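# What the coordinates show
The lines below spell out each chain.
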Protein chains: 2
Amino acid sequence: MSWLTLFVFLGACMAAATTGALFQPGEWYRRLDKPVWTPPDWLFPIAWTGLYIAMAVAAWRVAYAEAALVPLGLALWACQIALNTLWTPIFFGLRRLQAGLIVLSLLWIAVVATTIVFFAIDTLSGWLFLPYVVWVSYAGALNYSLLVRNPSEKPLLPGEIST
Amino acid sequence: MSWLTLFVFLGACMAAATTGALFQPGEWYRRLDKPVWTPPDWLFPIAWTGLYIAMAVAAWRVAYAEAALVPLGLALWACQIALNTLWTPIFFGLRRLQAGLIVLSLLWIAVVATTIVFFAIDTLSGWLFLPYVVWVSYAGALNYSLLVRNPSEKPLLPGEIST
């Protein structure tokens, strides 16, 4: 097992994590009507750091496993990291709560599928993905609740804004 | 070789491609001072469709190849698709020309590294990645030129914009 491969998987996670740093929630998000079970802002970076490390280690173990499902497992991992990177700009950048929910639903499917395939290949890798399933389910419920509670939110069109 | 794996790699590409559809260039981009060799807007979706199909097929072939470098190759592929997804929202969503250039430089490194590793595993997969190297080089030169020609462009902070 090459450390370089782990480092590259972590690199993919850092690319996804960059969106969280660049698309800050800001005043807009603070103004939204939110459910009482909304997580505090400080929890997001802590949770995501743990999740990204776990998903990178899981991919690394699977990548070197000898199993017919490895190609599908790594394809699913690539798909989920792209969807993961996509969500934050759509939600916080474009304020598109509905499109955000669609992407989160696709992400949930990709993460659950990855978890199932990873469990079939390497039990520990499957366990490393379970917190991610829980978190994306929680984020999906939150996105849905925000959508329902804030029906009049209008999307932002960055290209049309003059600074 | 499972068609499902190819379909999932294409899914990852569609997630990345979604950013191009949602973060339209808009008036801001049209107003920028651009070099004469700037590609016409209609070329982007055509080029990217071809590139995404080629990179998905390449990953699919590599995923089922028998070679020690396959894990690293697929990790690099996942890293490049995350960086690919990241660039458009940063450039067109946040108008951060410098941060865009940094991400494009990292993407260029990831794409070149993937191409080298893919060539070592499966020659055709390497060839399938070469147009992508050319295109990202071209996009990098364009991003650099826009940065130099438009020094007074201010980043956008979506969170602080009131609609």
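Fair warning: this is a prediction, and the values are worked out from it, not measured in the lab.

### A look at the UniProt feature "transmembrane region" (unreviewed entry) in chain A
Residue and element names in this part refer to chain A. The sites that UniProt annotates as "transmembrane region" (unreviewed entry) are residues 42-60, 67-87, 99-121 and 128-147. This span, residues 42-60, is 95% helix and 0% strand, and a straight line between its end C-alpha atoms measures 28 Å. With 100% helix and 0% strand, residues 99-121 has its two end C-alpha atoms placed 33 Å apart.

### Regarding the nonpolar core
Ranked by internal contacts, the top residues of the largest apolar core, which has 115 residues, are Met55(A), Trp77(A), Ile81(A), Trp77(B) and Ile81(B). Look past the residues within four positions of Ile81(A) in its chain and what remains in contact with it is Ala12(A), Cys13(A), Ala16(A), Tyr52(A), Met55(A), Ala78(B), Ile81(B) and Ala82(B).

### So, a nonpolar patch on the surface
All names here are of chain A. On the surface, Ile102, Leu106, Trp108 and Ile109 cluster together into a nonpolar patch covering about 400 Å² of accessible area. Structurally, Ile102 is set in helix 5 (residues 97-121). Overall, Ile102 belongs to the exposed group, its relative accessible area being 51%.

### What to know about the relation of the copies chain B and chain A
Mapping chain B onto chain A calls for a screw motion: a turn of 180 degrees about the axis and a shift of 0.0 Å along it, with 0.0 Å RMSD after fitting. Taken together, the turn and the small shift mark the pair as related by a two-fold rotation axis. Taken together, the interface assignments show that 100% of the residues at the interface of chain B recur at the interface of chain A, consistent with an identical surface on both copies.

### Some details on the packing of aromatic side chains
Tallied over the full model, the rule gives 34 aromatic pairs over all chains. Between Trp48(A) and Tyr132(A), the ring centres sit 6.0 Å apart and the planes meet at 80 degrees, which makes this aromatic pair edge-to-face. Placement of the pair is Trp48(A) in helix 3 (residues 43-63) and Tyr132(A) in helix 6 (residues 123-149), with a sequence separation of 84 residues. The pair Trp48(A) / Tyr132(A) is uniform in exposure class, with both members buried. Taken together, a centroid distance of 4.8 Å and an interplanar angle of 25 degrees make the contact between Trp87(B) and Phe91(B) stacked. Pair noted here: Trp87(B) and Phe91(B) are both in helix 4 (residues 70-93), with a separation of 4 residues, about one helical turn. The exposure class of Trp87(B) is buried, given its relative accessible area of 18%. Taken together, the ring pairs connect Trp37(A), Phe44(A), Trp48(A), Tyr52(A), Phe118(A), Phe129(A), Tyr132(A), Trp135(A) and Tyr138(A) into an aromatic cluster. Lying over the aromatic face of Tyr29(B), Lys34(B) brings its terminal NZ or CZ to 4.4 Å of the ring centre.

Each value, and the rule that gives it
- Residues numbered from 1 in each chain as written.
- Chains lettered and ligands numbered in written order.
- Predicted model: local features only at pLDDT ≥ 70, side-chain atom pairs only at ≥ 80, totals over all residues.
- Heavy atoms only, no water.
- UniProt positions renumbered as here; feature names shortened; annotations may be inferred.
- Helix = DSSP H or I, 4+ residues; strand = E, 2+ residues; numbered from the N terminus.
- Core = buried A, V, L, I, M, F, W, Y, C linked by side-chain atoms within 4.5 Å.
- Buried < 20%, exposed > 50% of the residue type's maximum accessible area, 1.4 Å probe, protein only.
- Contact = heavy atoms within 4.5 Å.
- Patch = residues over 30% accessible without salt bridge, like charges linked within 9 Å, V, L, I, M, F, W, Y side chains within 5 Å.
- Areas by Shrake-Rupley, 256 points an atom, 1.4 Å probe, with all protein chains shown as cover.
- Salt bridge = Lys/Arg side-chain N within 4 Å of Asp/Glu carboxyl O.
- Least-squares fit on C-alpha atoms with pLDDT ≥ 70 in both.
- Phe/Tyr/Trp six-rings, centres within 6.5 Å; stacked < 30°, edge-to-face > 60°.
- Lys NZ or Arg CZ within 6 Å of the ring centre and 35° of its normal.

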